[in-house]
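Residues per chain are reported as follows:
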Amino acid sequence: MSERSGGTPPRTLAEALRTRDDDALAALLRARPDLLSPVPNDLGQLATRAGTRASVMRALERLDRFTLQTAEALAASTDPAPYEAVRALMTGDEGDPRVEAALPRAVAALREQALIWGADDRLRLVRTAREILAPSPSHPSPTGLGPTVAEATAGMSPGRIQEIITTAGLPSTHDSVSAVTALAGLFTDRTRMAALLDTAPPDALAVLDRLVWGPPYGEITSKPAPPVQWLRDHGLLLPTSTRTVVLPREAALHLRGGRAHRHTEPQPPEIQPHPSTKSPSASSIADHPQVVDSAAAAQAYTALETVEELAKEWNEGGPNVLRAGGLSVRDLKRTATALDTTEPVAAFWVELAYAAGLLAADGEADERYAPTPAYDQWPELPPAERWARLATAWLGATRTSGLVGSQDSKGRTLAVLGPDLDRGIAPEVRRHVLDLLASLPEGTAPDPESVLARLRWERPLRGAVAGRPEDLRARIAAWTLNEAEMLGVTGRGALSSHGRALIAPPDVATGMGAFPKPASRAGSATGAELSATGLHAARVLAPHLPEPLDHVLLQADLTAVAPGPLLRPLAETLSVIADIESRGGATVYRFTPASVRRALDAGLSASDLHAFLAAHSRTPVPQPLSYLIDDMARRHGHLRIGSASAYVRCDDEAVLDEILADRRSHGLRLRRLAPTVLAAQADPSTLLDGLRSMGLAPAAESAEGDVLVTRAHAHRTPPRTPPASVPDGPPVPAPTLLGAAVRAIRAGDQAATVVRKTLPEPASAAPGGDLPRTTSAETLATVQAAALTGSALWIGYVNAEGAASQRVIAPVRVEGGFVTAYDHTADEVRTYPLHRITGVAELADDPA
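Here the structure is a predicted model, which means the values were calculated and not measured.

Secondary structure summary: the protein contains 34 helices and 23 strands in total. Here the protein holds 848 residues, and the buried ones make up 47% of them. Taking the intrachain contacts of the protein between residues at least 6 apart in sequence as the baseline, contacts between residues at least 24 apart amount to 65%. For the protein, the exposed surface amounts to about 40,200 Å²; the carbon and sulfur share of it is 54%.

This next bit is on the nonpolar core. Burial of nonpolar side chains together is a common tendency in soluble globular proteins. Formed by 89 residues in total, the largest nonpolar core has its most connected members in L29, L46, F187 and L236. Among the nonpolar cores identified, the runner-up in size contains 74 residues, and Y375, L437, V451 and A474 belong to it.

Moving on, we get to empty space enclosed by the protein. Per the counting criterion, the structure on display carries two cavities of 30 Å³ or more. Within this model, the largest cavity holds a volume of roughly 130 Å³. Of all the secondary-structure elements, those providing two or more residues to the lining of the largest cavity are α18 (343-355), α20 (383-396) and α23 (472-487). Partitioning the lining of the largest cavity into residue classes produces eight nonpolar, three polar and four charged. For the second largest cavity, the full set of lining residues is P289, V292, D293, E442, G443, L495, S496, S497 and R500. Secondary-structure elements contributing two or more residues to the lining of the second largest cavity are α16 (282-313) and α24 (497-502). Grouping the amino acids of the lining of the second largest cavity by side-chain chemistry returns three nonpolar, three polar and three charged.

Here we come to the confidence of the model for the protein. Averaged over the protein, the pLDDT score is 84; the fraction of residues at 70 or greater is 88%. Between the elements of the protein, mean pLDDT differs from a low of 55, seen in helix α25 (residues 506-509), to a high of 95, seen in α18. Counting interchain partners and residues more than four positions distant, the pLDDT-below-50 stretch residues 463-469 has nine contacts. Below pLDDT 50 for its whole length, residues 512-529 participates in 21 contacts with residues either more than four positions away or in separate chains.

Let's shift gears to helix α32 (residues 684-693). Every buried residue of α32 is accounted for by L687, L688, G690 and L691. Buried residues of α32, seen end-on, are gathered within an arc of 170 degrees and therefore sit on one face of the element. For α32, exposure combined with an orientation more than 90 degrees from the buried face picks out D689 and S693. On its buried side, α32 packs onto β14 (640-642), β15 (646-649), α31 (653-661), β17 (677-680) and β18 (699-700).

Let us now look at the sheet that holds β14. Strands sit in the order β16-β17-β15-β14-β18 across an open sheet of five strands; the sheet is mixed. Taken across any chain shown, the strands that pair with only one partner, and hence form the sheet edges, are β16 (671-674) and β18. As judged from the four bridges shared by β15 and β17, these two strands associate in the antiparallel manner. Paired with V648 across the bridge in β17 is L678.

Turning next to the sheet that holds strand β3 (residues 217-219). The three strands lie next to each other as β3-β5-β4, forming an open sheet whose pairing is antiparallel. Every interior strand has two partners, whereas the edge strands, β3 and β4 (238-239), have only one. Summarising the sheet, β4 and strand β5 (residues 244-246) pair through two bridges and their orientation is antiparallel. Bridge pairing links L238 to V246 in β5.

Moving on, we get to the environment of A119. As for its position among the elements, A119 is in the loop between β1 (116-117) and β2 (124-125). For A119 and P10, which are 109 residues apart along the polypeptide, the C-alpha to C-alpha distance reads 8.5 Å.

Let's shift gears to the pairing of strand β21 (residues 818-823). Across a regular strand the side chains alternate sides, sitting on one face of the sheet and then on the other. Note: strand β20 (residues 804-815) against β21, six bridges, orientation antiparallel. Bridging from a neighbouring strand, P811 pairs with A821 of β21. Two successive antiparallel strands, β20 and β21, enclose a turn made up of two residues, where G816 displays a positive phi of approximately 60 degrees. Sheet analysis places β21 next to strand β22 (residues 828-833), joined by six bridges and oriented antiparallel. Bridged to D823 within β22 is E828.

Here we take up the packing of aromatic side chains. Under the defined criterion, the tally for this structure stands at four aromatic pairs. When the centroid spacing of 5.9 Å and the interplanar angle of 35 degrees are considered together, the rings of Y375 and W378 count as tilted. Judged by relative accessible area, W378 falls into the buried class, the value being 1%. Geometry around W378 places R386 over its ring, the cationic atom sitting 5.5 Å from the centre.

We now examine the packing of α18 against α23. Contact pair α18 / α23: the axes reach a minimum separation of 12 Å and the direction vectors enclose 70 degrees. Considered as vectors, α18 and α23 are oriented roughly perpendicular to each other. Two secondary-structure elements touch here, α18 through V345, F348, W349 and L352 and α23 through E483, M486 and L487. Across the contact of α18 with α23, the residue classes tally to six nonpolar, no polar and one charged.

Moving on, we come to the pattern of salt bridges. With the rule as written, the count across this model stands at 33 salt bridges. The partner of E428 in a salt bridge is R62, and the shortest N-O contact between them spans 3.8 Å. Remark: R62 occurs in the loop between α4 (53-61) and α5 (65-75) and E428 occurs in helix α21 (residues 426-438); sequence separation between them is 366 residues. Given the relative accessible area of 26%, R62 is considered partly exposed. D64 is the partner of R105 in a salt bridge, and the nearest nitrogen-oxygen pair spans 3.4 Å. Of this pair, R105 sits in helix α7 (residues 97-112) while D64 sits in the loop between α4 and α5, and the two are 41 residues apart along the sequence. Salt bridges here are not isolated pairs; linked through shared partners, they connect R62, E428 and R473.

Criteria and thresholds
Per chain, residues are indexed from 1 in the order of the written sequence. Side-chain atom pairs in this predicted model are given and counted only at pLDDT of 80 or more, local residue features only at pLDDT of at least 70, and totals for whole chains, interfaces and linings cover all residues. To get the side-chain values, all heavy atoms of the structure are used, and hydrogens and water are removed first. Numbering goes from the N terminus for both helices and strands, where a helix is a DSSP run of H or I of at least four residues and a strand is a run of E of at least two. Type-normalised accessible area, obtained with a 1.4 Å probe on protein chains alone, sets the label of each residue: buried when under 20%, exposed when over 50%, and partly exposed for intermediate values. Only heavy atoms matter for contacts: two residues are in contact if any of them lie within 4.5 Å across the pair. Working definition of accessibility: Shrake-Rupley area with a 1.4 Å probe, residue cover restricted to the visible protein chains. Put simply, buried Ala, Val, Leu, Ile, Met, Phe, Trp, Tyr and Cys residues joined by side-chain atoms within 4.5 Å make one nonpolar core. Buriedness for pockets is judged along seven lines, at least five of which must meet protein on both sides within 12 Å for an open set on the 1 Å grid over protein atoms alone, while cavities are sets there where a 1.4 Å probe fits but cannot get out, and lining residues have an atom within 4 Å of a point. Grid points are joined across faces, edges and corners, and a volume is the space filled by probe spheres set on the points. The classification used treats Ala, Val, Leu, Ile, Met, Phe, Trp, Tyr, Cys and Pro as nonpolar, Asp, Glu, Lys and Arg as charged, and all other residues, Gly among them, as polar. Values of pLDDT, the confidence the predictor places in each residue, fall between 0 and 100. Throughout, the arc means the angular range of directions from the helix axis out to the C-beta atoms. Being paired, for any two strands, means DSSP has found at least two bridges between them. Aromatic rings from Phe, Tyr and Trp, taking only the six-membered ring of Trp, are treated as a pair when their centres fall within 6.5 Å; an angle between ring planes under 30 degrees marks them as stacked, one over 60 as edge-to-face, and anything in between as tilted. Either the NZ atom of lysine or the CZ atom of arginine qualifies as a charge over a ring when it sits within 6 Å of the ring centre and within 35 degrees of the ring normal. Angles run from 0 to 180 degrees between N-to-C directions of axes, and those axes are lines fitted to C-alpha atoms, restricted for helices to the stretch in contact. Angles are sorted into four bins: roughly parallel if under 35 degrees, roughly antiparallel if over 145, roughly perpendicular if 65 to 115, and oblique for all others. A pairing counts as a salt bridge when a side-chain nitrogen of Lys or Arg comes within 4 Å of a carboxyl oxygen of Asp or Glu.

Shown next as structure tokens:
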């Protein structure tokens, strides 16, 4: 629990870091990876960087509530403070076994991250951390404590200080320093302080009760009330201005029973089961995991269908890209209507497809969104692998669809697919929420409030947003619970089996050959495209997915019910013939005149439709549906439209008479050219839509008079890669990088601190510089001698960019104006031009 020391206490953080072994330094760099960018030259530079405000603030944001409370207590204590004083502030006069048991862990965590240093009898908080956490008028401490007596009386006149100690029953002194010390001693003496408070008026004690837990500041008038005046006279309230007083820290701690915090939380809150699953019957406990997996698998299949429906909606070219980037509000509403969902949910599906690389902007002059070439391969994958592609993209994406509709710092509304939706903490929060769900028994759903409470305990300072009741981390957690349910990672609120596989460690996902790599096949996801955990999750999910069906149930009300997922060719054809009325476990399709006409426009004949329905229906084809198909087929193509600008021709003159007489055709500006031909001032597509809105079934024809078959023209973007995640600060360094960084820092520190021989004139360091200065002849002679004897030298070196550095080298060979040497600083053999060496000096002790 204490710093490794050689006897003399370290005087600085750099000296404390020098007492650490390599494992402890690696742990520091792992916990605070921002210290590695770039790799510090030595331990002194590492200590300086560890004390910068930005780095300290990032480290504090990653502390849990109890460790942060420990740091806050240390900031409210003396500097340095013994471990016992910190324990007293955390436990109070009555003590707390839970706090005493957890305190060593918190102190060790602060020391590991170099936020405190020194032995247990002299714990020092890093100066920058003390400035951030210590109580001050401009920055109140979370402890609610105010300044000390010495700080509060710094600008007070000596006469006023003497009046206070006299009123408090203390003997007068000859100087203000001893008077302040005596007053502070009174407030920290439990017996004398209790006796003083026994003489206080009841109203004065009521005033102290309002200030004791903070904020410690209060406003007074020019003629304060008697209770306040009594407190001022006895120093229990000290003036900070003409109208403001403060409760001194020593007095507040006595009133609190010695505790720095009102509520100390040494242990994280437990994740509680949802009230609906707390006390299930014995039989339901056995069945609940299977129910969860089935519900999650069904929702996973729905997720696949939703993404496919979105891609079909944008198949011929989706909405235009806004000038500032993203999707307009109108296009989002239109997409939500097409998906039969709400706008926030539609935003989630659009962002998910974009994160998975299935949708993107086409990059053309009139830029719009469309499916990517990768989407054409995605539907050919097995359903479980398709889901795994979506789930892994969601888990690692920094884009946060929940922010859509809110405003950024400049008051601009954030749009779907816009440029400002990345939040670096999103992947960490999503994975951690799933980890918390995995800590519950299988099939158990958590209470969402307990999950949010746990996250607030783990990162109390993380992601706070001014003016919002909840911090960003909590909001992302709430969105994660909803998104996981929509995606099928959870079922009925509980983490599914394939959800657990999705967050399994790589060694579990690849575990012992239990899940062999599938044979390569065209269109299959490979290990490069899907992570090992994604493949593992796909294999766990596959048995729970329903088998696609080859039939539907036709009903007399012109609907068809698909009791489960359909085979792809059947689903695609059915979506042309009928409109989807509702989704879910059973999809309902409705046949309408417009849907049947759409099928006829696509080139299907009435006989084709009858044969298709008869082949794929488990029930007889209802007579109303047969009549609808035959009636639309009889009317389809009766009218012909071509380009004149546009014309209508029909063998039945009466039909043309009806069209001319209908008021709805006036906007088309029709006129009769012949008994069976009408000309229009509208283009063919507008004329088609206009006549169809009148309940007719016209067909377009070519210049040769043949019926044009209407087919969708797929629009695709150029090849696009999925959007890159925006990291939340530097990533955690790999073990190899950590080891190399520690060696480099050690070597650089050795070069900076090694004892050197005193250089004679004029070989002393140049004024204002630390590099040795020797003549070219002296440099060459010294280096050659060191190469013969195998000794090490301290050199000054200036590289080609003009950057100066000092190094410790062991010369091996000198020839051709170059010296080849083992560089202790870089821990490798290097070659240096002699003309770039500013000077050399022998070492008092050979570092080798």
